[in-house]
Structures are given as structure tokens and as C-alpha cells.
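For reference, the chains in residue letters:
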Amino acid sequence: MPHASSIVTCTGPNSPHAFDIVPLQPRNGTLDALCPVCKGHGQWNVEIDLVSFRCKRAICDHCHGAGWVETGEDPVVLPDIEMTPEGYPKWNTRFAPKEEAVAQDPGETRLIAP
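Residues numbered from 1 in each chain as written. Predicted model: local features only at pLDDT ≥ 70, side-chain atom pairs only at ≥ 80, totals over all residues. Heavy atoms only, no water.

## Describing the environment of Ile81
Move 1: Assignment of secondary structure puts Ile81 in strand 6 (residues 76–83).
Move 2: Distance in space between the C-alpha atoms of Ile81 and Asn92 is 5.9 Å, their sequence separation being 11 residues. (Helix = DSSP H or I, 4+ residues; strand = E, 2+ residues; numbered from the N terminus.)

If you want it as C-alpha cells, here you go:
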């Protein structure tokens, strides 16, 4: 059954309604400051229906969805994929210097051989 809708498209984190119903990410103690791009949310709405609040979201490329960034010299935890000995991809996390985390292309997925 169709329902009323009012779909809004957001072009980025500075758009109106970009952070509607998107909660702030809690600081887990390992990162120092709110992300300057997503302001602590880690994601924002790309499209939102203002009637039903169904939405499509984008992950922040700057903080990798954490909502917080490292400002000192501590390594940053990044999501990554490695190959298991059986040849299957497996998600894991790796520690990288802050410079490498910022320079990494967010669309790039690195495969690490066992």
C-alpha cells in the first residue's frame, strides 16, 4: 500500500537534513577529537524520507565512520581485508600511522596475503 512521502536528497554533510536521526558516535577513548567533516556522527543521510524517516546513508571518508579522529601521533585503527590460508577474504582491523589513514583512498580495499 503506498504511503505519503517527502523524499529529500542531501549532497553532503553540510546539507539540511543530512544528520536527521543520525546519532552521535560515542568516544571510545582511543581517538581525540570530533571529526571536522561529519561532526561526530560518522555518517550522514544521502536520501531521507521526511514522513517515514527511511534513509540511505554515506559513511564519512575522513574518520572511516568512527565520528572521531586522532590528533596526536597514536596509530589509527582502520578496517581492512586479509586473505585466509584457504583463500577467503576476512575482515579485520589494522593499525596505521595517522598520515597513512588520511592519505588512503576510502574506496580502496587492500588485500593482505597470509
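## Considering the sheet that holds strand 1 (residues 7–9)
Move 1: Pairing within the open sheet is antiparallel, and its three strands lie in the order 1-3-4. In this open sheet, the two edge strands, each paired with only one partner strand, are strand 1 and strand 4 (55–59). The sheet shows a mean angle of 30 degrees between the axes of neighbouring strands, direction not considered.
Move 2: Across five bridges, strand 3 (residues 43–49) lies against strand 4 in antiparallel orientation. Following the sheet pairing, Ile48 is matched in strand 4 by Cys55. (Pairing = 2+ DSSP bridges. Axes fitted to C-alpha atoms, helices over the stretch in contact; angles between N-to-C directions.)

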